[in-house]
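Summary of the model geometry
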Amino acid sequence: MARIALHIHYLGTAFHGWQKQAHDLNTIQAALENAVAQIAGHPVQLIAAGRTDRGVHALGQMAHFDTDTVRPNNAWVAGVNTFLPPEIAVIAAQTVAPDFHARFDACRRSYRYVLSNAAVRPSILRERVGWTFVPLDIPSMQQAAHHLLGEQDFSSFRSSDCQAKTPIKTLYTADIYSSNGLICFDFSASGFLHHMVRNMVGALLYVGQGKLNTTQFCEVIAAKNRLRAPPTFMADGLYLTRIDYPARCAIEQPPLPTWFWGKHDNFTASH
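These lines cover the structure that appears in this document, whether it is placed above or below. (Residues numbered from 1 in each chain as written. Predicted model: local features only at pLDDT ≥ 70, side-chain atom pairs only at ≥ 80, totals over all residues. Heavy atoms only, no water.)

Structural notes on the overall build of the protein chain
Scanning the protein chain from terminus to terminus reveals five helices and ten strands. What you see for the protein chain is a C-alpha radius of gyration of 19 Å, in line with the 18 Å of a compact globule of 271 residues. For the protein chain, the spread of C-alpha atoms along the principal axes amounts to about 60 × 40 × 40 Å. Here the protein chain holds 271 residues, and 53% of them are scored as buried. (Helix = DSSP H or I, 4+ residues; strand = E, 2+ residues; numbered from the N terminus. Rg over C-alpha atoms; globule rule 2.2 N^0.38 Å. Buried < 20%, exposed > 50% of the residue type's maximum accessible area, 1.4 Å probe, protein only.)

With respect to the nonpolar core
Among the nonpolar cores identified, the biggest contains 76 residues, and Phe185 and Phe187 are the most heavily contacted of them. The biggest single contributor to this core is helix H4 (residues 196-208), with eight residues. Within the second largest apolar cluster, ten residues are counted, among which are Leu59, Val114, Tyr177 and Leu182. (Core = buried A, V, L, I, M, F, W, Y, C linked by side-chain atoms within 4.5 Å.)

Quick word on the environment of Asn34
Tracing the backbone shows Asn34 in helix H1 (residues 28-40). For Asn34, a relative accessible area of 52% puts it in the exposed group. Note: C-alpha distance between Asn34 and Thr132 (98 residues apart in sequence) is 38 Å.

Quick word on the pattern of salt bridges
Per the counting criterion, the structure on display carries seven salt bridges. Across the salt bridge formed by Arg126 and Glu127, the nearest N and O atoms sit 3.2 Å from each other. The class of Glu127 is partly exposed, set by a relative accessible area of 25%. Put simply, Asp175 and Lys263 hold a salt bridge, and the shortest N to O gap is 2.6 Å. You can see Asp175 sitting in strand S8 (residues 168-179) and its partner Lys263 sitting in the segment after strand S10 (238-244), a full 88 residues away along the chain. (Salt bridge = Lys/Arg side-chain N within 4 Å of Asp/Glu carboxyl O.)

Some words on the packing of aromatic side chains
With the rule as written, the count across this model stands at eleven aromatic pairs. Measuring from ring centre to ring centre gives 6.4 Å for Tyr113 and Phe185, while their planes differ by 85°; the resulting arrangement is edge-to-face. With Tyr113 in strand S5 (residues 108-116) and Phe185 in strand S9 (residues 182-189), this pair connects stretches of sequence that are 72 residues apart. Residue class for Tyr113 comes out buried when judged on its relative accessible area of 0%. The class of Phe185 is buried, set by a relative accessible area of 0%. Pairing Trp131 with Phe133 gives two aromatic rings, centres 5.8 Å apart and planes at 45°, and the pair type is tilted. Among the residues examined, Trp131 registers a relative accessible area of 24% and is labelled partly exposed. Three or more aromatic residues link up through ring pairs in this structure, and these residues are Tyr239, Trp259, Phe260 and Trp261. Taking NZ or CZ as reference, Lys211 lies 4.6 Å from the ring centre of Tyr206, over its face. Here the basic side chain of Lys263 rests over the ring of Tyr177, its NZ or CZ set 4.6 Å away from the ring centre. (Phe/Tyr/Trp six-rings, centres within 6.5 Å; stacked < 30°, edge-to-face > 60°. Lys NZ or Arg CZ within 6 Å of the ring centre and 35° of its normal.)

A few points about helix H5 (residues 214-223)
Looking at H5, one finds that the buried residues are Thr214, Phe217, Val220 and Ile221. Around the axis of H5, the buried residues are gathered within 110° of arc, so they sit on the same side. With respect to the buried face of H5, the exposed residues turned more than 90 degrees away are Thr215 and Ala222. Buried-residue contacts for H5 involve helix H3 (138-145), strand S7 (150-153) and H4. N-capping of H5 is provided by Asn213, with a side-chain oxygen placed 3.1 Å from the backbone N of Thr215. (Arc of directions from axis to C-beta. Contact = heavy atoms within 4.5 Å. Polar contact = N/O pair within 3.5 Å; in protein donor to acceptor, adjacent residues only side chain to side chain.)

A look at the pairing of S5
Burial analysis of S5 places nine of its nine residues in the buried class, the great majority of the element. Residue alternation in S5 divides its side chains into two sets, Arg108, Ser110, Arg112, Val114 and Ser116 and Arg109, Tyr111, Tyr113 and Leu115, and both sets are buried. Pairing geometry for S5 and S10, over six bridges, is antiparallel. By the bridge assignment for S10, Arg112 is matched with Tyr239. Two elements, S5 and S9, share seven bridges in a ladder whose sense is antiparallel. (Pairing = 2+ DSSP bridges.)

Here it is in structure tokens:
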């Protein structure tokens with residue numbers, strides 16, 4: 001029995017999130033399991049590093065499955081892609097240690113939110129970027145974002161549906177900057193709560209619009225109460241960009257595609 005790890009890209013717009021659900025809803029996990037089974041010759045269960053929500057995209061999702069079917073790694077890429085819808089693609093595959101776990105071995109997860117701040121809603125980039133037409137003060141947002149760093153209780157940015165055992169996470173990166181006419185929000189953490197990134201972006205946009213100052217933003221964090229924070233922002237511009245693993249896992253990380261908006265240097269090597 002071999003364990004195979006897959007590096008996956010997908011456009012989440014047409015799917016009801018990653019996780020397979022009842023009533024045959026269209027999910028990324030279901031589509032991938034069906035495609036992998038065609039090449040493996042038997043049913044498989046895919047375990048993902050992160051269960052992204054409906055409408056969320058990925059350029060760095062990792063998942064693993066077990067099989068006793070012997071195939072070269074390129075068969076798990078080209079062969080599986082033959083049976084996938086066009087919104088999903090396996091980018092790379094590798095054989096990993098039998099005890100590797102895509103979810104539990106992950107030591108850092110990274111997301112990027114990409115936002116259009118144009119006066120007119122995006123058409124070509126519809127559902128691929130978020131949008132707000134209200135002018136934003138990026139330096140003020142960056143100043144506020146600094147207070148999200150470190151280990152703390154993120155209950156103010158936690159969905160009521162969140163099933164995490166604890167709201168305490170460690171945020172390593174909170175970076176906001178312009179890129180090719182868009183605004184990027186980069187976050188990396190030990191883990192994320194349900195809707196945490198979208199809730200942080202929503203609160204930071206209130207700062208950028210002048211609805212909250214830095215002191216008030218800090219009060220939102222300190223409240224540890226979702227009802228004290230601004231609304232959840234749209235999913236459209238959210239991308240899972242990277243999953244990091246300890247060196248002992250020997251995971252080969254494909255770089256972010258060069259066409260993707262934002263910084264690339266912080267994703268070319270393991271954090």
